[in-house]
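Chain and residue survey
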Amino acid sequence: PISDNISYLCEKHNTNHNLMKSSIHAIMLTIGLIAPTAANADTVTMRMSDINPKTVIMPEIYGQFAEHLGSCIYGGLWVGPDSPIPNTSGYRNDVLQALRDLKVPVMRWPGGCFADEYHWRDGIGPAKDRPTQVNNNWGGTVEDNSFGTHEFFNLCELIGCEPYLSGNVGSGSVEELAQWVEYITAAEGPMARLRKENGREKPWKLKYLGVGNESWGCGGNFTPDYYANVYRRYQTYCRNFSDNRLYKIASGASDYDYDWTDVVMKNAHSHMDGISLHYYTVAGWNGSKGSATDFTPEDYYWTMGKCLEIEPVIEKHAAIMDKYDAKKRIGLLVDEWGTWWDVEPGTNPGHLYQQNTMRDAMVAALSLNVFQRHADRVKMANIAQVANVLQSMVLTRGDKMVLTPTYYVFKMYTPHQGATPIPLDVATSSMRVRDNRHIDMLQATASQKDGRIAVSLTNLSLDTPMEVKIPTDGKARDIQGSILSAASIDDYNDFGQPEKVTLRPFDGAKSGKNAIKMTLPAKSIVTITFAL
């Protein structure tokens, strides 16, 4: 009788049918009127025969982004060698270790919008002699340039990642960018001599070079035709020195701007190795974006729908790229992505400091799943940002640091780095959410590497556990697992409760003769690895 009246109640009270149905189901489940049954289990089928061994989930998909914005750099990564906060040559020890544990593959710097107002010569030489500037994009903060080229490249060496530079095209010259590349990578010559005078004898390696950032907006407000010609010019003078080889990246589109991709690819594809794409899970760019911690179930499900919309966006941009690059030589780099909420009350609006809940963790898992499904074209992704800004890995306050729920998702997904993706079929229920989007309640990704298979599963339901079955060719051996979940979807870690949402062992996956079965708790993310 309850089920028969759901549609009537929804129509009368203008309530989402699936949301009410889910809530009623949870109540019935709790009081024992119904129970999840294996007969209705969600099924994940891995199509091992369809594996393409030449396709690799690039480790760079798990990349990070550090901009001179708020306390991302200063206080987040860098405190200076004279700080009482424990540090190694000025870098926070706690953050260094956290990033090493994530096996961070690549770090993008110095922006973001800051990149096109950054002049690299201001950030070299003795720190006391470096000029200051006003960070006009982000809160009018005075930038003292104590963190510059040497500090960034040394950081990358300390955590073992590739550096990715965003070059200044908006307010910089061709000569300036060309000389920066030479300063970093040349073994001899005038720029190499200057680098050596500043304390670095050997050149660094630089693979990833972005020619501008958001050139359609804060990076110069270019038209795509004009930018394509500017890109061709700038990249010409960014040369390969010694044995260094640049991977040159054009400034690409914002989410749904397919014309930008079309025009830039048409006019400059033969001169690029990659093109970027930015996509934020955001309610809109005008007015309130919503609280990071105070939201309704309807807001949560809408967020999942908005997040998953990155997949058709990638598919449409990739289809345009295919017109000019059928062999998929050029990578699509989602070098800014993540959630964007209102700043935390009492903080500088220009510093973009936001909390990070279990909802954000779900966004991270779903986004990484999408990137892995499109590993033939997506070659890098850089979440925004690594510390204290937007959907960050860590939050710091003085000498304290907390790991966010999003951090733990990245840690759970490390087995997928460099692995071969396994195509999946997922049979699950779906829900229609606000703005007429549909979401599948079970999300999954899988890969194999070094004789082991990794499967990551996400139950989007706020209140209903899922019985999941994974058919296997034989009995799975040595199953290991971890789970990230929370009592409430708006739970987060703060300096008073640093482990409210944390990674825990998961031993609920049981192997039978030809299948793995498990129960996924509501609002949970699980990764299991096993051998066959």
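In this report, the structure presented in the accompanying data block is examined.

Rules of the game
Residues numbered from 1 in each chain as written. Predicted model: local features only at pLDDT ≥ 70, side-chain atom pairs only at ≥ 80, totals over all residues. Heavy atoms only, no water. 1 Å grid on protein atoms, 1.4 Å probe; cavity = no way out; pocket = protein on both sides within 12 Å on 5 of 7 lines; lining within 4 Å. Points joined across faces, edges and corners; volume = space filled by probe spheres on them. Helix = DSSP H or I, 4+ residues; strand = E, 2+ residues; numbered from the N terminus. Nonpolar A, V, L, I, M, F, W, Y, C, P; charged D, E, K, R; others polar. Disulfide = S-S within 2.5 Å. Buried < 20%, exposed > 50% of the residue type's maximum accessible area, 1.4 Å probe, protein only. Pairing = 2+ DSSP bridges. Axes fitted to C-alpha atoms, helices over the stretch in contact; angles between N-to-C directions. Contact = heavy atoms within 4.5 Å. Core = buried A, V, L, I, M, F, W, Y, C linked by side-chain atoms within 4.5 Å. Parallel < 35°, antiparallel > 145°, perpendicular 65-115°, else oblique. Left-handed = near helix turned anticlockwise from the far one by under 90°. Phe/Tyr/Trp six-rings, centres within 6.5 Å; stacked < 30°, edge-to-face > 60°. Polar contact = N/O pair within 3.5 Å; in protein donor to acceptor, adjacent residues only side chain to side chain.

**With respect to empty space enclosed by the protein**
Throughout the structure, instances matching the rule amount to 3 cavities of 30 Å³ or more. Volume-wise, the largest cavity comes out at about 70 Å³. Around the largest cavity, the lining comprises 16 residues; the ones closest to its centre are Arg-108, Asn-213, Ser-251, Ser-276 and His-278. Listed by contribution, the elements that provide at least two residues to the lining of the largest cavity are strand 8 (162–167), strand 10 (247–254) and strand 11 (274–281). Top contributing element to the lining of the largest cavity by residue count: strand 10, with 5 residues. Residue composition of the lining of the largest cavity, by class: 5 nonpolar, 8 polar and 3 charged.

**Description of the state of the cysteines**
Working definition of a disulfide: a covalent bond connecting the sulfur atoms of two cysteines. This model, assessed by the stated rule, comprises 1 disulfide. Across the disulfide from Cys-113 sits Cys-218; the S-S distance is 2.2 Å. Of note, the bridge from Cys-113 to Cys-218 carries an S-S torsion of about -90° and is left-handed in sense. Residue Cys-113 is located in the loop between strand 5 (106–109) and strand 6 (133–135), and its partner Cys-218 is located in the loop between strand 9 (208–211) and helix 7 (224–236); the two are separated by 105 residues in the primary sequence. Overall, the relative accessible area of 12% leaves Cys-113 in the buried class.

**What to know about the sheet that holds strand 2 (residues 63–65)**
Whether parallel or antiparallel, the strands of a sheet pair through hydrogen bonds between backbone atoms. With parallel pairing, the 8 strands of this closed barrel are ordered in space as 2-5-8-9-10-11-12-13. Strand-to-strand, the axes of this sheet are offset by a mean angle of 30°, without reference to chain direction. Against the sheet, helix 4 (residues 149–159) makes contact with strand 5 and strand 8, and its axis sits at roughly 150° relative to strand 8, the strand it touches most. Packing of helix 10 (residues 310–324) onto the sheet brings it into contact with strand 10, strand 11, strand 12 (331–339) and strand 13 (378–384), and relative to strand 11 it is tilted by some 160°.

**Some points on the layout of surface pockets**
Space inside the second largest pocket adds up to approximately 500 Å³. Around the second largest pocket, the lining is made up of 30 residues, and of these Glu-311, Arg-373, Leu-424, Gln-443 and Ala-444 lie nearest the centre. When residues of the lining of the second largest pocket are traced back to their parent elements, those giving at least two are helix 9 (297–308), helix 10, helix 11 (358–373), strand 17 (424–427), strand 19 (437–440) and strand 20 (442–449). Among the elements that take part in the lining of the second largest pocket, strand 20 stands out by supplying 5 residues, more than any other. In terms of residue class, the lining of the second largest pocket is built from 12 nonpolar, 8 polar and 10 charged.

**Things to note about the environment of Phe-506**
Relative to the helices and strands, Phe-506 is located in the loop between strand 24 (503–505) and strand 25 (510–511). When residues no more than four places from it in sequence are discounted, the contact partners of Phe-506 are Gly-481, Ser-482, Ile-483, Met-518, Thr-519, Val-526 and Ile-528.

**Quick look at the nonpolar core**
If you look at the biggest cluster of nonpolar residues, it comprises 146 residues, and the most contacted ones within it are Phe-371, Ile-470, Met-518, Ile-525 and Ile-528. Top contributing element to this core by residue count: helix 11, with 10 residues. Contacts of Ile-528, omitting those with residues within four sequence positions, involve Ile-453, Ala-454, Val-455, Ile-470, Ile-479, Gln-480, Gly-481, Phe-506, Ala-509, Ile-516 and Met-518. If you look at the next biggest cluster of nonpolar residues, it comprises 7 residues, including Val-106, Tyr-164, Tyr-247 and Ile-249.

**Focus on the packing of helix 8 (residues 258–268) against helix 10**
Axis separation between helix 8 and helix 10 bottoms out at 9 Å; the angle between their running directions is 20°. Taken together, the axes of helix 8 and helix 10 are roughly parallel relative to one another. Judged by the sense of rotation from one axis to the other, the crossing of helix 8 with helix 10 is right-handed. Between helix 8, through Tyr-258, Thr-261, Asp-262, Met-265 and Lys-266, and helix 10, the contact on the second element is made entirely by Val-313, Lys-316, His-317, Ile-320, Met-321, Lys-323 and Tyr-324. Partitioning the contact of helix 8 with helix 10 into residue classes produces 6 nonpolar, 2 polar and 4 charged.

**Digging into the packing of aromatic side chains**
Applying the stated rule across the entire model yields 27 aromatic pairs. With 6.1 Å between their ring centres and 70° between their planes, Trp-109 and Phe-147 make a pair best called edge-to-face. In this pair, Trp-109 is assigned in strand 5 and Phe-147 in the loop between strand 7 (141–143) and helix 4, connecting sequence segments 38 residues apart. In this structure, Trp-109 and Phe-147 share a single accessibility class: buried.

**Topic: the side chain of Thr-527**
By secondary structure assignment, the location of Thr-527 is in strand 27 (residues 524–531). Polar contacts involving the side chain of Thr-527 include one to the side chain of Ser-456, which spans 2.8 Å. Residues within four places of Thr-527 in sequence aside, it is in contact with Met-412, Tyr-413, Val-455, Ser-456, Gln-480, Gly-481 and Ser-482.

**So, unusual backbone geometry**
Going from Gly-111 to Gly-112, the amide bond is cis rather than trans, its omega being 10°. Cis geometry is found at the peptide bond from Ala-384 to Gln-385, where omega equals -5°. Mapping Gln-385 onto the fold places it in the loop between strand 13 and strand 14 (394–397). In the Ramachandran plot, Ser-89 falls in the positive-phi region, its phi being about 55° despite a non-glycine side chain. The class for Ser-89 is exposed, based on a relative accessible area of 55%. Here Leu-390, not a glycine, exhibits a phi torsion of approximately 50°, which is positive. With respect to the helices and strands, Leu-390 occurs in the loop between strand 13 and strand 14. For Leu-390, a relative accessible area of 2% puts it in the buried group.

Taken by themselves, the reported measurements are silent on function.
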